[in-house]
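Given next are the chains, with one letter for each unit.
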Amino acid sequence: MKMMFRSVSLASIRKANQNMIDGKKSDASGLPVSIQQDILNRRYSAQEINSAYARAVSKG
Amino acid sequence: MPELLVRAKYSMSKHQTFTKLVTSDTDFVGMVAYTIYKNEKLDWIGKFKEKNQREPNANEIEQFNLSTDSELKIQHFRDLAEDRVNDFIDSATIAELTEYKTRLRDDAIIQSTNSLANASKKGFLHGVSENVLAGIIGAGIVTLFQIGIWLYQVKDNPEFKKQAAEQIQQTAN
């Protein structure tokens, strides 16, 4: 069955959190270079982060 | 407002660091910034105790608060928080995409394996049907050959000729 990418799973969030605790950078070498660059070049402003948080909170 | 924020605001009522860092209930970056500030404060208290062999008094803590309460320092905490949240987003995105790529690869492997299994199954049935058809054709050839030999053997037999002539005559009548 082909899976579709919709949102970040809890497992990925936990992995990211553990990386932050350990002070490690995520290994993006398995991803295409263009995607690595897209991820690293994309910076979210405080306003964008807070808006996303507000949407998540309002969804309950 | 969440209870935690209310309590934090109450406990920090002597200085304005919390309210300066966290501007609303949905100020996520501010909440992270406050955590960074708090961590820095605990770190400062730890170093103070190590150096002076005692807890800092209220005036000394107030000095620390004043040094971290400036607009410049508040902005520094917020910038740091924004960076940390972006690092977290990057990390979560990379983890998710790597997992997604693995799932796609596994999916492709399963599909290929199924295709090979189907091809193998089809080949077997095809082989069986070919063998059955060859058997039928072979049996037909052997039967025709045996009939030919039998006809060759009986064609000069007088009894057979007589019976055949009688049969033909009977049919004609």
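All values reported here derive from a predicted model rather than from experimental measurement.

Novice: Can you lay out the overall build of chain A for me, pointing to particular residues and giving the numbers?
Specialist: Helix and strand content of chain A: three helices and zero strands. For chain A, the succession of helices and strands along the chain, N to C, is α-α-α. A total of 60 residues make up chain A; the buried ones form 13% of that total.

Novice: Describe the overall build of chain B, with residues and values.
Specialist: Along its length, chain B carries six helices and zero strands. Listed by position from the N terminus, the elements making up chain B come as α-α-α-α-α-α. Within the span of chain B, comprising 173 residues, buried residues form 14% of the whole. Long-range pairs, those at least 24 residues apart, make up 58% of the contacts in chain B with a sequence separation of at least 6.

Novice: Could you give an account of the interface of chain A and chain B, naming the residues involved and the relevant values?
Specialist: Each partner contributes to the interface: chain A provides 27 residues, whereas chain B provides 25 residues. When contributions to the side of chain A that touches chain B are tallied by element, the ones reaching two or more residues are helix H1 (10-22), helix H2 (33-41) and helix H3 (46-59) of chain A. Classifying every residue of the side of chain A that touches chain B gives 18 nonpolar, six polar and three charged.

Novice: Tell me what's going on with the confidence of the model for chain B, and back it up with residues and numbers.
Specialist: Detailed reading of the predicted coordinates is not advisable wherever pLDDT is low. Scored by pLDDT, chain B comes out at a mean of 86, with 91% of its residues at no less than 70. Across the predicted assembly, pTM comes out at 0.64 and ipTM at 0.85.

Novice: Tell me what's going on with helix H3 (residues 28-52) of chain B, and back it up with residues and numbers.
Specialist: All names here are of chain B. The end-to-end C-alpha distance of H3, which contains 25 residues, comes to 36 Å, matching closely the 36 Å that a straight helix rising 1.5 Å per residue would cover. All of the buried residues in H3 are Phe 28, Val 29, Gly 30, Met 31, Val 32, Ala 33, Tyr 34 and Tyr 37. Following H3 by one or two positions, Gln 53 has its phi on the positive side, about 55°.

Novice: Kindly report on the nonpolar core, identifying the contributing residues and their values.
Specialist: Counting residues in hydrophobic clusters, the biggest one holds 14 residues, and the most contacted among them are B:Leu21, B:Val29, B:Val32, B:Ala33, B:Tyr34 and B:Ala81. For this core, the secondary-structure elements that each account for two or more residues are H3 of chain A together with H3 and helix H5 (71-154) of chain B. Among the elements that line this core, the one with the most residues is H3(B), at seven residues. When neighbours within four sequence positions are excluded, B:Leu21 is seen to be in contact with B:Gly30, B:Ala33, B:Tyr34, B:Tyr37, B:Ile74, B:Phe77 and B:Arg78.

Novice: Any chance you could break down H3(A) for me, citing the residues and the numbers?
Specialist: Residues and elements named next belong to chain A. In this model, H3 (14 residues) spans 20 Å end to end at C-alpha, consistent with the 20 Å of a helix rising 1.5 Å per residue. Where H3 is concerned, the buried positions are Ala 46, Ile 49 and Asn 50. One side of H3 carries all its buried residues, which in axial view fall inside an arc of 95°. Across from the buried face of H3, at angles greater than 90 degrees, the exposed residues are Gln 47, Arg 55, Ser 58 and Lys 59.

Novice: Break down the environment of B:Asp69 for me, with residues and values.
Specialist: All names here are of chain B. For Asp 69, the position within the fold is in the loop between helix H4 (58-68) and H5. Take Asp 69: there are 16 C-beta atoms within 10 Å of it, and that puts it in the partly exposed class. Put simply, Asp 69 and Thr 17 are 52 residues apart on the chain and 5.6 Å apart in space, counted from C-alpha to C-alpha.

Novice: How would you explain unusual backbone geometry if you had to name every residue and give the values?
Specialist: Although it is not a glycine, B:Gln53 adopts a positive phi angle of roughly 55°. For B:Gln53, the position within the fold is in the loop between H3 and H4.

Novice: Can you lay out the environment of A:Ser26 for me, pointing to particular residues and giving the numbers?
Specialist: You can see A:Ser26 is positioned in the loop between H1 and H2. Separated by 11 residues in the primary sequence, A:Ser26 and A:Lys15 have C-alpha atoms spaced 9.1 Å apart. In contact with A:Ser26, not counting residues within four places along its chain, are A:Ala16, A:Asn19, B:Asp90, B:Ser91, B:Ile94 and B:Ala95.

Cut-offs used in this document
- Residues numbered from 1 in each chain as written.
- Chains lettered and ligands numbered in written order.
- Predicted model: local features only at pLDDT ≥ 70, side-chain atom pairs only at ≥ 80, totals over all residues.
- Helix = DSSP H or I, 4+ residues; strand = E, 2+ residues; numbered from the N terminus.
- Buried ≥ 20, exposed ≤ 12 C-beta atoms within 10 Å, placed from the backbone.
- Contact = placed C-beta atoms within 7 Å.
- Nonpolar A, V, L, I, M, F, W, Y, C, P; charged D, E, K, R; others polar.
- pLDDT = per-residue confidence, 0-100.
- Expected span 1.5 Å × (residues − 1).
- Core = buried A, V, L, I, M, F, W, Y, C linked by C-beta atoms within 7 Å.
- Arc of directions from axis to C-beta.

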